Amino acid sequence: MQNIRSIFFMLAGATFFVAMLLLTFSVTLAVGGILTVLMVGRALSMKMKPAPVRAKANNGKPEMRVWNDGRGTIIDL
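Residues numbered from 1 in each chain as written. Predicted model: local features only at pLDDT ≥ 70, side-chain atom pairs only at ≥ 80, totals over all residues. Heavy atoms only, no water.

### As for the overall build of the protein
At step 1: Within the protein one finds one helix and two strands.
At step 2: Helices and strands in the protein line up, N terminus first, as α-β-β.
At step 3: In terms of C-alpha radius of gyration, the protein reaches 36 Å, well past the compact-globule figure of 11 Å for 77 residues.
At step 4: For the C-alpha atoms alone, the extent of the protein along its principal axes is close to 110 × 30 × 10 Å.
At step 5: Split by element, the accessible area of the protein, about 7700 Å² in all, is 71% carbon and sulfur. (Helix = DSSP H or I, 4+ residues; strand = E, 2+ residues; numbered from the N terminus. Rg over C-alpha atoms; globule rule 2.2 N^0.38 Å. Areas by Shrake-Rupley, 256 points an atom, 1.4 Å probe, with all protein chains shown as cover.)

Put into structure tokens, the structure is as follows:
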């Protein structure tokens with residue numbers, strides 16, 4: 001009787017171990033799949049976003065120029 005009980009406990013322990021192993025593996029795959037989908041989605045959304053354009057208002061006037069000719073600073077308005 002003791003021998004049958006120890007075999008039963010050994011099989012129950014091995015079954016529990018395998019079940020936990022499969023659960024851990026499946027959860028790891030699920031989390032990895034979710035993270036992969038999120039990373040691919042973010043990479044694609046970054047590519048689709050238009051690049052910002054730097055624009056400067058001219059308002060019909062040329063911009064002010066400042067330079068030094070060696071005798072002093074010249075400010076051209």
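### Topic: the UniProt feature "transmembrane region" (unreviewed entry) in the protein
At step 1: Within the UniProt annotation, "transmembrane region" (unreviewed entry) is assigned to residues 6-39.
At step 2: Regarding residues 6-39, the helix share stands at 100% and the strand share at 0%, and the terminal C-alpha atoms are separated by 49 Å. (UniProt positions renumbered as here; feature names shortened; annotations may be inferred.)

### Description of the packing of aromatic side chains
At step 1: What the rule picks out here adds up to one aromatic pair.
At step 2: Measuring from centroid to centroid gives 5.9 Å for Phe 8 and Phe 9, while their planes differ by 50 degrees, and the two rings are tilted.
At step 3: A relative accessible area of 54% places Phe 8 in the exposed class.
At step 4: For Phe 9, a relative accessible area of 54% puts it in the exposed group. (Phe/Tyr/Trp six-rings, centres within 6.5 Å; stacked < 30°, edge-to-face > 60°. Buried < 20%, exposed > 50% of the residue type's maximum accessible area, 1.4 Å probe, protein only.)

### Some details on the environment of Ser 26
At step 1: With respect to the helices and strands, Ser 26 occurs in helix α1 (residues 2-48).
At step 2: Within the local environment of Ser 26, its side chain forms a polar contact with the backbone oxygen of Leu 23, the two atoms lying 2.9 Å apart. (Polar contact = N/O pair within 3.5 Å; in protein donor to acceptor, adjacent residues only side chain to side chain.)

### Things to note about the environment of Leu 77
At step 1: Mapped onto the fold, Leu 77 is located in the segment after β2 (73-76).
At step 2: Sequence separation of Leu 77 and Phe 25 is 52 residues, and the distance between their C-alpha atoms is 71 Å.

### Brief notes about the pattern of salt bridges
At step 1: On inspection of all chains with the given rule, the structure shows one salt bridge.
At step 2: The partner of Arg 71 in a salt bridge is Asp 69, and the shortest N-O contact between them spans 3.4 Å. (Salt bridge = Lys/Arg side-chain N within 4 Å of Asp/Glu carboxyl O.)

### Notes on the pairing of strand β1 (residues 65-68)
At step 1: Relative to β2, β1 runs antiparallel, the two being bridged by four bridges. Across the sheet, Arg 65 pairs through a bridge with Asp 76, a residue of β2. (Pairing = 2+ DSSP bridges.)

### Description of a nonpolar patch on the surface
At step 1: A surface patch of nonpolar side chains, amounting to about 770 Å² of accessible area, comprises Phe 16, Met 20, Leu 23, Val 27, Val 31, Ile 34, Leu 35 and Leu 38.
At step 2: Position of Leu 38 relative to the elements: it lies in helix α1. (Patch = residues over 30% accessible without salt bridge, like charges linked within 9 Å, V, L, I, M, F, W, Y side chains within 5 Å.)

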